[in-house]
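# Chain and residue survey
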Amino acid sequence: LLDTANGFSIIDDPIAGYIHVHPRPTPELMAKTYAETFYTVEKPDYIASTQRDQEWLQTVYADRYSTFTEHFEPWQGRLYTEQRRILDIGCGSGYFLLYGQDLGWNAVGIEPSQQACTHARSLDVRVINAFFTPEVAERISLKGRRCFDVVHMHEVLEHVPDPELFLRLAHSVLETCGIICITVPNDYSPFQTVLRETLDFKPWWVAPPQHLNYFSFDSLTKMLEKAGFNVFLKESTFPIDIFLLMGDNYIGNDAVGKASHQRRMQFELNISKKHNAIKRSLYRTLAQ
């Protein structure tokens, strides 16, 4: 037992191989949380903030699509000139899909939130308003055919009751040489250990029933390999907790949090203009 919060225990499960809540929330609670209240109660500013942050987010999207393109290899029956297909699970407001669509990708999203789905569709991208279930996976993959070149999950895997099933489903819709791209919070990290043990911070990152799973690079790698994937790239994002270590306490303080986020965006925008390779090298080193 690591922590308790909101009636849930947080356990480091040696059998599953990762940290997660106990007990698992009911399907009814999950449906209510993500289909109805997530973007109205939990993250009411999410869609507006993604609109404001588009200049910075475009650099994030560019890095990911660049990585996809760089690591594709031709295989029998496919040519570089053919349109590639990407599935964005938990596509939110739809801007990542739109970026890919503008590059010429055949882009499809899955999003359980009606509010986010409505906004994404207003961008003229294809989005299915549903949870990623075995039934939906079979439907979008044309009755079990592996048809996507990339599956993208940005900050999704920490929210789902059964991440192992989720990864197996993702594997089932990917082409043989396809790529999965996953971003998750790095919780129970070394920085958070310092903040907790040296500066008496409470574990603010523990947030059930929204965050159900807590991954490290090692635990996520093992889960991916168990699902049939080979990990070829590990990269961090900006370690936002560093602002807490410098004395900018944004926990429960939106003004400080927004200021920290602005500084993080400015750092990445400035370095990306002419030296993006330096930024990516830094984040790959931090991932180690």
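Quick note: structure is the one above.
Residues numbered from 1 in each chain as written. Predicted model: local features only at pLDDT ≥ 70, side-chain atom pairs only at ≥ 80, totals over all residues. Heavy atoms only, no water.

### Some points on the sheet that holds strand β2 (residues 8–13)
Let me state the cut-off plainly: Two strands pair under a simple rule: DSSP has to find at least two bridges between them. In DSSP terms, a helix is any run of H or I states spanning at least four residues, a strand is any run of E spanning at least two, and both are numbered starting from the N terminus.
The sheet built from four strands is open, its strands ordered β1-β2-β3-β9 with antiparallel pairing. Each edge of the open sheet carries a strand with a single partner, namely β1 (3–5) and β9 (213–214). Note: β2 against strand β3 (residues 18–22), five bridges, orientation antiparallel. Counterpart to Ile10 in the pairing with β3 is Val21.

### Comments concerning the pattern of salt bridges
Note the threshold: Every case where a carboxyl oxygen of Asp or Glu lies within 4 Å of a side-chain nitrogen of Lys or Arg is listed as a salt bridge. Partly exposed describes any residue whose relative accessible area lies between the buried limit of under 20% and the exposed limit of over 50%, with all areas from a 1.4 Å probe on protein chains only and scaled to the type maximum.
According to the stated counting rule, one finds eight salt bridges in the structure shown. The shortest N-O distance in the salt bridge between Arg84 and Asp149 comes to 3.4 Å. In this pair, Arg84 sits in the loop between α3 (54–71) and β4 (85–89) while Asp149 sits in strand β7 (residues 148–154), placing the two residues 65 residues apart along the sequence. On the basis of relative accessibility, which here comes to 9%, the residue Arg84 falls in the buried class. Residues Arg263 and Asp248 are paired through a salt bridge, measuring 2.7 Å at the closest nitrogen-oxygen approach. Here Asp248 lies in the loop between α10 (242–245) and α11 (254–287) and Arg263 lies in helix α11, a separation of 15 residues in the sequence.

### Let's talk about α11
This is how it is decided: A helix is expected to reach a length of 1.5 Å times the quantity of its residues less one. The bend at a residue is defined as the angle formed between two axes, one fitted to the seven residues ending at that residue and one fitted to the seven starting there. Here a residue-residue contact requires only that any non-hydrogen atoms of the pair lie within 4.5 Å. Polar contact criterion, stated in full: a pair of N or O atoms within 3.5 Å, where within protein one must be able to donate a hydrogen and the other to accept it, and residues adjacent in sequence count only if both atoms are side-chain atoms.
Relative to the 50 Å expected for 34 residues at 1.5 Å per residue, α11 spans just 28 Å between its end C-alpha atoms, considerably shorter than the ideal helical length. The largest bend along α11 measures about 125 degrees and falls at His275. Three or more residues of α11 are buried, namely Ser260, Arg264, Met265, Glu268, Leu269, Ile271, Ser272, Lys279, Arg280, Tyr283 and Ala287. Of the surrounding secondary structure, the elements contacted by the buried residues of α11 are α3, α9 (217–226) and α10. At the N-terminal end of α11, a side-chain oxygen is found 3.2 Å from the backbone nitrogen of Ala255, two or three residues along, and the residue is Asn253.

### Comments concerning the side chain of Arg264
We count it as follows: Charge counting treats Lys and Arg as positive and Asp and Glu as negative, with His and both chain ends excluded.
Positionally, Arg264 belongs in helix α11. Here Arg264 sits buried without a salt bridge, and the closest side chain of opposite charge, Glu268, lies 4.5 Å off (N-O distance). Ignoring sequence-local partners within four residues, the contact set of Arg264 consists of Trp56, Phe238, Ile240 and Phe243.

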